[in-house]
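# Commentary on secondary and tertiary structure
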Amino acid sequence: MGKLNVLSDFQEKFGVLASSESKCERFSKIVMRLLNETFLVQDKKQDQDDYYVATGSYKAVLEDYFRFIDVSFIVDKEKRLCYIKGDNERNRLRLRKLETVLLLLFRSLSYRGERKVASYNAVIVTVDEVLKKLNETEIYPDGVTMTEFKSALSTLKRYKVIDFQDDPAKGDTQIAIYNSIVVLVDSSSLSELEERLSKYIGGNEDEEANPSQAD
């Protein structure tokens, strides 16, 4: 569909919202959240209202708006997510080494959890479990500082890969792994994840990696 046709469709659909200032404001809020945060997660309490509106009555107008700027608006109800993806890969995340390593570890933990805790919408792990898995990789033979670890977790939380409420310096703090991890890290098996992780042994901490190309 050409840009002019997309714009025409958007104008028609947005015209319905334009009759209500509150609806226009809600549309703008959701657009800005998606542009800034990429994901809206149904299982995240702070996202739920916007998620249901974005995937319901606003879905068609959001699709047209983002299509016009060469961005896909994707609704995945099975994974309980909606998100945007730049058609030219312009909005892909850039993570530092530790953040990328943790991302792959969370995917590994999620992979196991999908089979063990099918009734949960998010896989739950503890900080101790994450640190244990990190040590097993031997990527950081001298360990990482708690400051570095907490900073990396905070980055992944901001990108809605994980969530936690308590102090991540405490071993028993629980971390929820959202289904967004599956979108960000395409993986067919645990052995493949382990192979990808092994390539970070001895790498430079200052390097950046694309999470969906962390190989």
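Our structure's up above, just so we're on the same page.
Calculation notes
- Residues numbered from 1 in each chain as written.
- Predicted model: local features only at pLDDT ≥ 70, side-chain atom pairs only at ≥ 80, totals over all residues.
- Heavy atoms only, no water.
- Pairing = 2+ DSSP bridges.
- Helix = DSSP H or I, 4+ residues; strand = E, 2+ residues; numbered from the N terminus.
- Salt bridge = Lys/Arg side-chain N within 4 Å of Asp/Glu carboxyl O.
- Buried < 20%, exposed > 50% of the residue type's maximum accessible area, 1.4 Å probe, protein only.

With that out of the way, let us pick up the pairing of strand S7 (residues 174–177). Relative to S7, strand S5 (residues 123–126) runs antiparallel, the two being bridged by four bridges. Residue pairing for S7: valine 125 is matched across the bridge by isoleucine 175. By the bridge criterion, two bridges tie strand S6 (residues 162–163) to S7 in an arrangement that is antiparallel. Residue isoleucine 162 lies in a different strand from S7, and its bridge partner there is isoleucine 177.

Turning our attention to the pattern of salt bridges. Per the counting criterion, the structure on display carries 16 salt bridges. Notably, a salt bridge pairs lysine 160 with glutamate 37, separated by 2.5 Å at the nearest N-O pair. Of this pair, lysine 160 sits in the loop between helix H7 (146–158) and S6 while glutamate 37 sits in helix H2 (residues 21–37); the two residues are 123 residues apart in sequence, bridging distant segments of the chain. The exposure class of lysine 160 is buried, given its relative accessible area of 3%. The exposure class assigned to glutamate 37 is partly exposed, which follows from its relative accessible area of 22%. Here aspartate 163 ties to lysine 44 by a salt bridge, and the two come within 3.2 Å at their closest N and O atoms. Here lysine 44 lies in the loop between strand S1 (39–41) and helix H3 (48–55) and aspartate 163 lies in strand S6, a separation of 119 residues in the sequence. In this pair, the class of aspartate 163 matches that of lysine 44, namely buried. Overlapping salt bridges, with partners in common, bring together Arg26, Lys29, Arg33, Glu37, Asp47, Asp50 and Lys160 in one network.

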